[in-house]
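Geometric and topological summary
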Amino acid sequence: MINHEDLQLTDDDVLEMYRLMLTARRFDERTWLLNRAGKIPFLVSCQGQEAQQVGAAYALDRERDYTAPYYRDFGVVLALGMTVKDLMMQAFAKAADPNSGGRQMPGHFGSKRLRMLSGSSPVTTQVPHAVGVGLACQMNNDQAISFVTLGEGSTNQGDFHEGANFAAVHKLPVIIMVENNQYAISVPLNKQVACEKISDRAIGYGMYGETIDGNNPLAVYQAIKKARDRALKGEGPSLIEAVSYRLTAHSSDDDDMTYRTQEEIDQAKEQDGLHTFRQYLVKKNILTDQIESEMEAAIKAEINQATEAAEKAPYPSVETLYDGVYQ
Amino acid sequence: MINHEDLQLTDDDVLEMYRLMLTARRFDERTWLLNRAGKIPFLVSCQGQEAQQVGAAYALDRERDYTAPYYRDFGVVLALGMTVKDLMMQAFAKAADPNSGGRQMPGHFGSKRLRMLSGSSPVTTQVPHAVGVGLACQMNNDQAISFVTLGEGSTNQGDFHEGANFAAVHKLPVIIMVENNQYAISVPLNKQVACEKISDRAIGYGMYGETIDGNNPLAVYQAIKKARDRALKGEGPSLIEAVSYRLTAHSSDDDDMTYRTQEEIDQAKEQDGLHTFRQYLVKKNILTDQIESEMEAAIKAEINQATEAAEKAPYPSVETLYDGVYQ
Amino acid sequence: MSVLSYIEAIQLAMKEEMERDEKVFILGEDVGKRGGVFRATDGLYEQFGEKRVIDTPLAESAIVGVGIGAAMYGMIPIAEIQFADFILPAVNQIISEAAKLRYRSNNDWSSPITIRAPYGGGVHGALYHSQSMEAIFANQPGLKIVMPSSPRDAKGLLKAAIRDPDPVLFFEHKRAYRLLKEEVPETDELIPIGKANLVREGSDITVISYGLMLHYVKEIANELATEKEIDVHVLDLRTVYPLDQAAIIQAAKQTGKVLLVTEDNKEGSIISEVSAIIAEHCLFDLDAPIQRLAGPDVPAMPYAPTLEKEFMVNKDKIKQAMIDLALF
Amino acid sequence: MSVLSYIEAIQLAMKEEMERDEKVFILGEDVGKRGGVFRATDGLYEQFGEKRVIDTPLAESAIVGVGIGAAMYGMIPIAEIQFADFILPAVNQIISEAAKLRYRSNNDWSSPITIRAPYGGGVHGALYHSQSMEAIFANQPGLKIVMPSSPRDAKGLLKAAIRDPDPVLFFEHKRAYRLLKEEVPETDELIPIGKANLVREGSDITVISYGLMLHYVKEIANELATEKEIDVHVLDLRTVYPLDQAAIIQAAKQTGKVLLVTEDNKEGSIISEVSAIIAEHCLFDLDAPIQRLAGPDVPAMPYAPTLEKEFMVNKDKIKQAMIDLALF
Ligand SMILES: Cc1ncc(C[n+]2csc(CCOP(=O)(O)OP(=O)(O)O)c2C)c(N)n1
Ligand SMILES: Cc1ncc(C[n+]2csc(CCOP(=O)(O)OP(=O)(O)O)c2C)c(N)n1
Ligand SMILES: [Mg+2]
Ligand SMILES: [Mg+2]
């Protein structure tokens, strides 16, 4: 495993990264419980992808850069400043949801304050948007970059192609990170694409491409950091493929046992970035038993409070239906 | 230059290829005259691309294969059995136009009899169609392949990406030939793409890719022949980029002097496939002065007759406007 | 006869057509092993194999475009769009290609594709899993748009769509999938596309609708007959494009008081065209302004239950509109 | 004041807005060196440079999508779609994204993009360079659709569209580009979006239209006043979505006899909604059925001049319809 010291990351940094990953995981687990208890109608899960999400977000300038996260990016948005309470408000579709005021489903992120572009449900539309932000950064000599994620299945949409090509032609400061979790709902990778690596698509755009272990947050951090440097130096966009595995069903509406086996999942769990990174931190003596139990307890408390607050919070009121169609 | 004997092409074959190329060129030249004389409202030109068009079509099984030619493919459709008269009927928008009965603009080809898919004006939509035909061939164990062309600018449309990826995943008998003539109307190649070769896009689909000299009909013949063999053997689709240069304005409505220089064009003319292939045939003593002058005379006569016939032919009658909306 | 749900009727229609004709095949996202995210293609992958029930890459323009190509070859594709909201990347293939292919080739080529897509709200689907998309396409000669209101209709209309020589958009209401159940004949029933269906004769008011809303209208019509002695004439459009003008005109003339119902946003909806047809042909037969009941003109229904409910046309709103019109 | 053609007015509107506000930029196919295939951006590349007049790759979904992204950042993009017919690959970006961005983010984000596209027939453009595309989008709350009928309107409306905080589709009639010329004030005139324009007061019949057709209607109204003493009330919709209901209702009531004109296919067109508004609000003010004059319901106008002429709504057809209605 890459050493965090070599990446100029402090022990506090990696502990914080782990805390964010763990928060995303525990939040996700809680929403499954809430869903099964009939308290929230829907969820879409990040389990198995926390490492790449937090590793990537950590490599950004979180005071400057623009992001267009996709629906699984709980790790990304937590790292960028969305709180557990914000996300719980979203899960419960409450008025206090900062993403959409309860208008959109969970996982549809967005916050102008956080320079996080509002996302929709049709996949891949965010790629051209992020490219447009990159164009605007370039036009305005803004020393910021534009970071966008999507699933590997979504790279087959025309908008991926058109957006990536546009970014490459204009050498825009854009990072496209593909979170390859091996499935597009039920469709396995080999029925989605025939190329060896999704990052091979970069060649056809004339941009930098690289495939990395998405289970290793440090590898992702490193790749995104370098991509960011290239972007700021005017060397153009990058296509980074982070490979992991979707550990849960696609969403609370899915039954993944209709198309894959428990053995396959169990095998993937051995690579789960949350656990391997935990082991790394334990071995380095950064994560002690005490720190870990305090961390778990704090996260649990935060999630409990958020759940309680969200349960109590009001829904958007009926008259607001008509607001915000036009300015 | 590749030798035609090495490709198992007879002298008659290459003479016929030249005749088709020359026919396309002379036809094109005539339509410019007709347009400037106010006799036809519009044309789109094939000049500079005849070599790749005829070379490719010659490599197909013209009794079996399916094609989806794009608007410049006068060389392709002449090789496939469209006649000069047919094309002149189209140029004049007459009822006898077999492509559309005068409903579509020149260059919008289609004939069920010739297994030539009907094309439209929005670029690149034909790529998924050709892939669908490839899928149907595979489903029906039909020993035919599906051949589709488009301009290099059009490879930036989402439909190119989606169609190519679909073909690759299902290993379909499809050949996508990109006719790279360096311009998309006024936009030069370097403002369209940043990749080194359009055929590099093949890597991202996991299909075979190759860039060839589109001015050499034998090189194109060879590449398409091999791609066809791969397709029939179940080895999947190919992306062939044939490089040439658009010698005329984009269409009769365009003024290319607003965005490129006459010097650039003059330089490109030196590579013009019609002339270099002519030289090859002359050097090989296949094209003698006598054969050439007879050929030119015959083509001229054919074009004259076609023009006369098309001028006299009736327009579609007014009542037919309402036909063919539904079966 | 057996009792089938709306989605079972749809599954059965496809199964029967695939058994009948080898050229029929299905393509779409998750239609294979998964049997569709709503399970409309349940069992078909097992029965017909992966070559006839194709899990495609996630790319709607290719799903439709490849389908059109296969149709040009002579196959009969059924393309599933996972949610109607996600049909938009395929609009160019549908409008520029499928709808115009026959016309532009002067009747030489055709594109007998059926495009199925679940539409409609009331399922906590939020902005992008709740929309009605028909109006976007309901001005494209060459296309047909079918929206069944019951299991029996769903089966008969889908079979007709599959056999139709022209492209058909087939929108299925996702809330109807498991809500509606009825006896569906085991015979090979085809219900003609392009014809509206007079589902109830009445003399007081005329209500014209389609899809799930029509189901509610039927139920309310029965309630009003007993509760208020209001006798409602109900026309199910079934095919929302092109419209069955003669049936609309006749239904409007029957009572002279017309209510049109859709769950789509109001401005620019299907019922606007229905209203225009009536205003053009039956003006002097009308005793009341032509009423339209529709969703509000906000982009789509939000996720929060308060807002979803406020958006959605429901039985209460329909009933009130019918009573108001009867009293006019 | 100087006399400008419709396309000169459009060019000038962009030039002035780009001079006024650095954030305004143009992107599209061939808009740069070439100055646009119709030359609407003529001279702007030279004046503002290649960073503000961007020749994009040939990909409409990216043109709109990148524009939306830049707009989210705070820029003001003017996206040119070369022909309105080729807007279809961008429909998902327009409807799912631009139109819904403000609403879905609860008013946090917005997308002040203007999308210009030349539409309309009568230019030997055949099936795919002649279409009217507005009806496809005229049911999407969050969008505005503007279609000017004169040079002065073109300039004032385009400037208003560029400054509008929400996405605007701006359809320009390509035959009007050089056909229409008039005095255009040199002042910074903004014409409000969302308001119809009463271009002529009259007492016999009301004609409502937009775009090039409105221009013809105006001309004929003047002819009929002298030739036949028919006094025509003419309303220019200007914004075809969302419609100015109050102005439509008032214009309909003014004469009680209404003719609606569009060059689009009839079924599902803008004028269907106009008719429905009138039928809902003015039924008892009407003295004649609401007439619609439109293109026939065939996919689009063919290339052959015989068929193009038969398809196209023209002055003769409009005049006849106006006389018929006056005599009703
Ligand atoms: C345009 C569009 N088509 C279909 C869907 C339905 N859908 C939602 S997620 C998904 C699979 C996405 O797979 P991938 O891109 O690999 O992302 P993952 O969910 O695996 O993270 C599909 C088909 C959609 N949201 N948008
Ligand atoms: C979807 C779409 N957008 C725009 C156009 C207008 N247009 C016609 S040809 C063309 C350029 C095509 O360039 P390329 O693909 O390189 O083909 P070439 O004309 O050079 O052979 C453009 C922009 C179109 N026909 N379709
Ligand atoms: Mg995935
Ligand atoms: Mg080109």
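Because the structure is a prediction, the values reported are computed rather than measured.

1. Observations regarding the overall build of chain A
From N to C terminus, chain A includes 12 helices and 7 strands. Compactness check: chain A gives a C-alpha radius of gyration of 19 Å against a globular reference of 20 Å for 327 residues, within 12% of the reference. C-alpha extents for chain A along the principal axes are approximately 55 × 50 × 40 Å. The proportion of buried residues among the 327 residues of chain A is 66%. For chain A, the proportion of contacts with a sequence separation of at least 24, taken over those separated by at least 6, is 74%. Of the accessible surface of chain A, which amounts to about 11100 Å², a share of 47% is contributed by carbon and sulfur atoms. Separation between the mean location of the 32 positive side-chain charges and that of the 45 negative ones in chain A comes to 2 Å.

2. Observations regarding the coordination of the magnesium ion (ligand 4)
Residues and elements named next belong to chain B. Protein coordination of the magnesium ion (ligand 4) is provided by Glu152 (OE), Glu152 (OE), Asn181 (OD1) and Tyr183 (O), with donor distances spanning 2.1 to 2.7 Å. What the 6 donor atoms of the magnesium ion (ligand 4) show is an angle range of 51 to 174° at the metal, which sorts the shape as irregular. Here the donor residues of the magnesium ion (ligand 4) share one chain and are spaced in sequence as E-x28-N-x1-Y. One end of the pair, Glu152, is in the loop between strand S2 (146-151) and helix H6 (158-169); the other, Asn181, is in the loop between strand S3 (174-180) and strand S4 (183-184), and 29 residues separate them in sequence. For the residue pair Glu152 and Asn181, the accessibility class agrees, reading buried in each case.

3. What to know about unusual backbone geometry
Note: most peptide bonds trans; most residues except glycine with negative phi. Note the cis peptide between C:Tyr241 and C:Pro242, where omega equals -15°. Within the secondary structure, C:Pro242 is located in the loop between strand S12 (239-241) and helix H10 (245-255). One non-glycine residue, A:Asn285, lies in positive phi territory at about 65°. Locating A:Asn285 in the fold gives a position in the loop between helix H11 (273-283) and helix H12 (289-312).

4. Focus on the relation of the copies chain D and chain C
Superposition of the two copies of the chain requires a rotation about an axis together with a shift along that axis. Once turned by 180° and shifted 0.0 Å along the axis, chain D lies on chain C with an RMSD of 0.0 Å. On the angle and the small slide along the axis, the relation comes out as a two-fold axis. The position closest to the rotation axis in chain D is occupied by the C-alpha of D:Ile136, lying 2.4 Å away. Mapped onto chain C, 100% of the interface residues of chain D again fall at the interface, so both copies present the same surface.

5. Details of the interface of chain D and chain C
Counting residues at the interface gives 50 residues for chain D and 50 residues for chain C. Buried area between chain D and chain C, both sides added, is near 4300 Å², and the carbon and sulfur share of it is 61%. Put simply, chain D and chain C have 6 salt bridges between them. Joining chain D to chain C, the criterion identifies 20 residue pairs in polar contact (both at pLDDT 80 or more). Of all the secondary structure elements, the ones that give two or more residues to the side of chain D that touches chain C are helix H4 (91-98), helix H5 (101-104), helix H6 (134-137), strand S12 (239-241), helix H11 (270-281) and strand S14 (291-295) of chain D. A total of 7 residues in the side of chain D that touches chain C trace back to one element, the largest contributor, which is H11(D). Of the residues assigned to the side of chain D that touches chain C, the class counts are 30 nonpolar, 11 polar and 9 charged.

6. Concerning the site of ligand 1
Around ligand 1 sit 21 residues in total, of which A:Tyr70, A:Arg72, A:Ser154, A:Tyr183 and C:Glu60 are the nearest. Proximal residues around ligand 1 fall on chains A and C, making this an inter-chain site. At 2.7 Å from an oxygen atom of ligand 1 is found a side-chain nitrogen or oxygen belonging to A:Arg72. Between A:Glu152 and ligand 1, the recorded distance is 3.0 Å, taken from a side-chain N or O atom to an oxygen atom.

7. Section: the site of ligand 2
Taken together, 21 residues lie near ligand 2, and B:Tyr70, B:Tyr71, B:Arg72, B:Ser154 and D:Glu60 sit nearest. Each of chains B and D places residues near ligand 2. Within the side chain of B:Arg72, an N or O atom sits 2.6 Å from an oxygen atom of ligand 2. With respect to ligand 2, the side chain of B:Ser154 contributes an N or O atom lying 2.6 Å from an oxygen atom. When ligand 2 sits alone it has 580 Å² of accessible area, and the protein chains cover 96% of it.

8. Thoughts on helix H11 (residues 273-283) of chain B
Residue and element names in this part refer to chain B. Taken residue by residue, H11 has Gly273, Leu274, Phe277, Tyr280 and Leu281 as its buried positions. Seen from one end, H11 has its buried residues packed into an arc of 125°, which puts them on one side. The elements touched by buried residues of H11 are helix H1 (11-36), helix H2 (50-58) and helix H9 (217-232). A distance of 3.0 Å separates the backbone nitrogen of Leu274 from a side-chain oxygen at the start of H11, and that oxygen is part of Asp272. Just downstream of H11, Asn285 is the residue with a positive phi angle, here 65°.

9. Re the sheet that holds strand S7 (residues 168-173) of chain C
Residue and element names in this part refer to chain C. Taken together, 7 strands build an open sheet; the order of strands is S3-S2-S4-S5-S7-S6-S12 and the sheet is mixed. One side of each edge strand has no neighbouring strand; the edge strands of this open sheet are strand S3 (53-55) and S12. Across this sheet, the average inter-strand angle for adjacent strands is 25°, counted without regard to direction. One ladder, built from 3 bridges, connects strand S4 (residues 76-80) with strand S5 (residues 114-119); its direction is parallel. Bridge pairing in S5 links Ala79 to Ile115.

10. Side note on the packing of helix H1 (residues 6-20) of chain C against helix H7 (residues 151-163) of chain C
All names here are of chain C. Relative orientation of the contacting elements H1 and H7 amounts to 30°, with a least axis distance of 8 Å. Judged by the inter-axis angle, H1 sits roughly parallel to H7. Handedness of the crossing formed by H1 with H7: right-handed. The residues of H7 that touch H1, namely those facing Tyr6, Ala9, Ile10, Leu12, Ala13, Met14, Glu16, Glu17 and Arg20, are Pro151, Ala154, Lys155, Leu158, Lys159, Ile162 and Arg163. Residue classes in the contact of H1 with H7 are distributed as 10 nonpolar, no polar and 6 charged.

11. Concerning the sheet that holds strand S10 (residues 205-209) of chain C
In a beta sheet, neighbouring strands are held together by backbone hydrogen bonds and run either parallel or antiparallel to one another. Residues and elements named next belong to chain C. Strand order across the open sheet formed by 5 strands is S9-S11-S10-S13-S14, with mixed pairing between neighbours. Edge positions in the sheet fall to strand S9 (197-200) and strand S14 (291-295), since each has one partner strand and no second. Ignoring strand direction, the axes of neighbouring strands in this sheet form an average angle of 25°. Two elements, S10 and strand S13 (residues 258-265), share 3 bridges in a ladder whose sense is parallel. Paired with Val207 across the two strands is Leu259, which belongs to S13. Across the sheet, helix H9 (residues 211-227) touches S9, S10, strand S11 (232-236) and S13, and the angle it forms with S11 is around 165°.

Thresholds, definitions, all that
- Residues numbered from 1 in each chain as written.
- Chains lettered and ligands numbered in written order.
- Predicted model: local features only at pLDDT ≥ 70, side-chain atom pairs only at ≥ 80, totals over all residues.
- Heavy atoms only, no water.
- Helix = DSSP H or I, 4+ residues; strand = E, 2+ residues; numbered from the N terminus.
- Rg over C-alpha atoms; globule rule 2.2 N^0.38 Å.
- Buried < 20%, exposed > 50% of the residue type's maximum accessible area, 1.4 Å probe, protein only.
- Contact = heavy atoms within 4.5 Å.
- Areas by Shrake-Rupley, 256 points an atom, 1.4 Å probe, with all protein chains shown as cover.
- Lys, Arg positive; Asp, Glu negative; His and termini not counted.
- Charge placed at Lys NZ, Arg CZ, Asp CG, Glu CD.
- Donors = N, O, S within 2.8 Å, 3.2 Å for Na, K, Ca; no water.
- Tetrahedral: all angles 85-135°; square planar, octahedral: opposite > 155°, others 65-115°.
- Least-squares fit on C-alpha atoms with pLDDT ≥ 70 in both.
- Buried area = accessible area lost by both parts, 1.4 Å probe.
- Salt bridge = Lys/Arg side-chain N within 4 Å of Asp/Glu carboxyl O.
- Polar contact = N/O pair within 3.5 Å; in protein donor to acceptor, adjacent residues only side chain to side chain.
- Nonpolar A, V, L, I, M, F, W, Y, C, P; charged D, E, K, R; others polar.
- Near = heavy atom within 4 Å.
- Arc of directions from axis to C-beta.
- Pairing = 2+ DSSP bridges.
- Axes fitted to C-alpha atoms, helices over the stretch in contact; angles between N-to-C directions.
- Parallel < 35°, antiparallel > 145°, perpendicular 65-115°, else oblique.
- Left-handed = near helix turned anticlockwise from the far one by under 90°.

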